[in-house]
Amino acid sequence: MTAPFPPIRREPRTEDRPLKPEDGKKAVELVREALPFFRVGEPITHPDHIDVPVFYLDFAIDRIHYDGKAKSPRPKGAPPHGSAAANPGEAREVIERALKEARVLDAAEFREPEDCWVVPVAWKSFIILHVRVSREGEELIPDYGLTEEVRRYGTL
Amino acid sequence: MASKGLELSGLFSKLAPRLIRAANHSERRLMLLFILTISLSSTVIMNDTAMLVFIPLVVATSEIARVDTARAVTFSAIAANVGSALTPIGNPQNIIIWHSYGLGFLEFIRSMLPFVFLWLLVLFAFTLTIKNRELSVERIPPVALRKTLLVVSLISLIVDVVLAEIGRAPLAFIFTLFVFLVLGRDVLRGFDWALVLTFAFIFIDFNELAFLLKSAGLMFPTGGTGLFVVSATLSQLFSNVPATVLLSAGKPEWLPLSLGVNIGGSGIVVGSLANLIAIRIARVGVGDFHRHSVPYFLVALLLSVLLLL
């Protein structure tokens with residue numbers, strides 16, 4: 001079955017600076033340097049699951065899904081459902097431990113609409129975190145929406 | 001709102017990596033740089049905003065470099081309180097005093113400057129007690145700057161101060177609201193409206209209390225060192241903003257009042273909201289905070305009394 005309308009697409013960007021493989025490598029190295037400074041914030045309790053925001057300095061970088069039943073992080077893109085009874089304090093402790101064991105994967109994805117690199121951070125066998133880095137691979141790009149969400153409903 | 005815009009632009013987070021580099025592996029120098037940066041930043045952004053911005057950096061650096069986190073956080077909170085004392089827009093108690101006494105922006109700064117300088121010197125002296133260990137941190141990656149938001153916030157801040165100076169504060173509010181509505185809506189969403197309401201209630205409640213105390217014949221000193229010591233002590237008991245509202249109702253001399261409630265923000269943790277924010281973010285114990293803050297408060301209070309005499 002085909003969709004009734006074609007998907008909305010932006011006009012292709014005119015690249016003022018071509019993407020280079022070295023930029024992706026720089027982005028990965030930058031996240032490696034930043035990883036020891038990542039800290040977990042106050043868990044966000046949803047009706048059916050808990051997310052734990054990860055902060056770099058005073059800005060949120062991304063959120064990690066927490067599996068209350070397995071008492072471990074969940075893969076990116078697969079938030080658990082039905083773990084509303086999980087304890088936010090316990091979620092924080094588990095994610096703090098997981099973040100210490102996390103490692104930066106050796107390649108990045110480029111997202112044209114956001115004009116940035118996305119560097120995956122893995123725990124054991126799966127990705128738990130996406131970190132956005134500027135096109136030149138020199139600056140971390142915070143998740144401003146998440147930062148505000150945490151500040152409004154919790155503390156850093 | 002303009003301060004919030006500056007914070008969300010990432011300006012201060014952008015400064016952080018430069019500080020680490022400038023510290024050149026020295027723990028003591030890093031602490032001095034933190035104090036200087038936090039106190040300077042607090043003169044334009046509120047002291048509690050400065051804590052939201054800098055405490056995560058102080059904690060992260062302290063943990064990585066194995067520095068005493070409680071001491072670093074406490075000195076940072078004191079730096080925010082001291083720096084914010086300099087300008088009329090540095091903290092809520094200064095805004096109250098600035099408006100209710102109709103003082104000039106520069107007049108306020110000129111009068112506060114010698115004392116803020118003294119308090120900073122005392123804080124620097126306290127940092128000299130830190131053993132100068134070599135730090136292992138070399139580099140902290142930078143965060144992207146939101147240039148449009150930075151420019152808009154800086155312009156708003158300047159326009160606000162100018163409009164307030166010429167007695168058009170309501171116009172400053174409308175201007176800032178409109179500017180951020182058009183160019184930085186997330187600043188309005190992130191702005192702590194509940195805090196404004198809290199201060200409004202504090203103002204109403206403590207104004208009433210001042211009226212009741214006056215009716216009961218209880219009078220506070222109206223100037224000099226007496227007023228300074230009383231305002232610092234009351235700030236220690238129930239925080240410096242309520243103390244300002246309570247004491248300013250009787251229209252005493254503004255300078256001893258301002259000095260008392262500003263130095264009263266250090267010491268006991270309830271002295272100012274910035275302290276509470278700092279220990280909450282950093283998860284530092286109250287006892288650990290007091291171990292460093294109370295001696296500082298007592299020394300700074302004593303030296304200020306000597307300067308006032």
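All of the points below concern the structure found in this document. (Residues numbered from 1 in each chain as written. Chains lettered and ligands numbered in written order. Predicted model: local features only at pLDDT ≥ 70, side-chain atom pairs only at ≥ 80, totals over all residues. Heavy atoms only, no water.)

### Some words on the nonpolar core
Taken as a class, soluble globular proteins show a tendency for nonpolar side chains to be buried jointly. Rules: Remark: nonpolar core denotes a set of buried residues (Ala, Val, Leu, Ile, Met, Phe, Trp, Tyr, Cys) joined through side-chain atoms within 4.5 Å. Summary of the burial criterion: residues with accessible area below 20% of their type's maximum are buried, those above 50% are exposed, and those between are partly exposed, where the area comes from a 1.4 Å probe applied to protein chains only. Numbering of helices and strands starts at the N terminus; helices are DSSP runs of H or I of at least 4 residues and strands are runs of E of at least 2. Any two residues having at least one pair of non-hydrogen atoms within 4.5 Å are treated as being in contact.
Core analysis: the biggest nonpolar cluster contains 127 residues, and Phe-38, Tyr-56 and Leu-129 of chain A together with Met-51, Trp-119, Ile-263 and Tyr-296 of chain B have the highest contact counts within it. By residue number, the principal contributor to this core is helix α7 (residues 105-127) of chain B, which donates 12 residues. Ignoring any residue separated from it by four or fewer positions in sequence, one finds Ile-263 of chain B in contact with Trp-119, Phe-228, Ala-232, Tyr-296, Phe-297, Ala-300 and Leu-301 of chain B. Residues Met-1, Leu-149, Phe-180 and Leu-188 of chain B belong to the second largest nonpolar core, which totals 8 residues.

### As for the pattern of salt bridges
Residues and elements named next belong to chain A. Filter applied, for reference: In what follows, salt bridge is the name for a side-chain nitrogen of Lys or Arg lying within 4 Å of a carboxyl oxygen of Asp or Glu.
Applying the stated criterion across every chain yields a total of 17 salt bridges over all chains. A salt bridge links Asp-106 to Arg-32; the shortest N-O distance between them is 3.4 Å. Here Asp-106 is found in the loop between β6 (103-104) and β7 (109-111), whereas its partner Arg-32 is found in helix α1 (residues 21-34), with 74 residues between them in sequence. According to the relative accessible area criterion, Asp-106 is exposed, its value standing at 61%. In this structure, Glu-114 engages Arg-132 in a salt bridge whose closest nitrogen and oxygen atoms are separated by 2.8 Å. Note that Glu-114 is positioned in the loop between β7 and β8 (116-123) and Arg-132 in strand β9 (residues 126-134), a separation of 18 residues in sequence. Residue Glu-114 is classed as partly exposed on the basis of its relative accessible area of 36%.

### Some words on the interface of chain B and chain A
What counts, and what does not: By buried area we mean how much accessible surface two parts lose on assembly, using a 1.4 Å probe and totalling the loss over both. Pairing of N or O atoms within 3.5 Å defines a polar contact, subject to two protein rules: one partner must be a possible hydrogen donor and the other a possible acceptor, and residues neighboring in sequence count only if both atoms are side-chain atoms.
Between chain B and chain A, the contact holds 28 residues from the first and 23 residues from the second. Here chain B and chain A share an interface that buries about 2400 Å² over both sides, 59% of which is from carbon and sulfur atoms. Connecting chain B to chain A are 1 salt bridge. The partner of Glu-42 of chain A in a salt bridge is Arg-283 of chain B, with the nearest N and O atoms 3.8 Å apart. Inspection of the region where chain B meets chain A yields 3 residue pairs in polar contact (both at pLDDT 80 or more). Among the elements of the structure, α1 (2-8), α2 (11-23), α4 (47-65), α10 (185-190) and α15 (273-282) of chain B are those that each provide at least two residues to the side of chain B that touches chain A. Ranked by residue count, the leading element in the side of chain B that touches chain A is α4 of chain B, at 7 residues.

### Overview of the pairing of strand β4 (residues 59-67) of chain A
All names here are of chain A. Basically, it comes down to this: At least two DSSP bridges between two strands are needed for those strands to be called paired.
For β4, a buried count of 9 out of 9 residues is recorded, marking the element as mostly surrounded by other parts of the structure. In terms of strand pairing, strand β3 (residues 50-56) meets β4 through 7 bridges, oriented antiparallel. Each bridged residue has a counterpart across the sheet, and for Ile-50 the counterpart in β4 is Tyr-66.

### Side note on the packing of aromatic side chains
Note the threshold: Aromatic rings from Phe, Tyr and Trp, taking only the six-membered ring of Trp, are treated as a pair when their centres fall within 6.5 Å; an angle between ring planes under 30 degrees marks them as stacked, one over 60 as edge-to-face, and anything in between as tilted. In this scheme, the term charge over a ring applies when either NZ of a lysine or CZ of an arginine sits within 6 Å of the ring centre and within 35 degrees of the ring normal.
Evaluated as defined, the whole model comprises 7 aromatic pairs over all chains. Taking the centre distance of 5.7 Å and the plane angle of 65° together, the rings of Trp-123 of chain A and Phe-126 of chain A count as edge-to-face. Geometrically, the ring pair formed by Phe-126 of chain B and Tyr-296 of chain B is edge-to-face, given 5.8 Å between the ring centres and 75° between the ring planes. On the criterion of sequence distance, the pair formed by Phe-126 of chain B in helix α7 and Tyr-296 of chain B in helix α16 (residues 286-308) is long-range, its members being 170 residues apart. Neither Phe-126 of chain B nor Tyr-296 of chain B differs from the other in exposure class; each is buried. Sitting above the plane of the Tyr-144 of chain A ring, Arg-146 of chain B keeps its charged end 3.8 Å from the centroid.

### Description of the side chain of Asn-81 of chain B
All names here are of chain B. Within the secondary structure, Asn-81 is located in helix α5 (residues 69-84). Polar contacts involving the side chain of Asn-81 include one to the side chain of Asn-47, which spans 3.1 Å. A polar contact of 3.0 Å, which involves the side chain of Asn-81, links it to the side chain of Asn-275. Look past the residues within four positions of Asn-81 in its chain and what remains in contact with it is Asn-47, Asn-262, Gly-265, Ser-266, Ser-272, Ala-274 and Asn-275.

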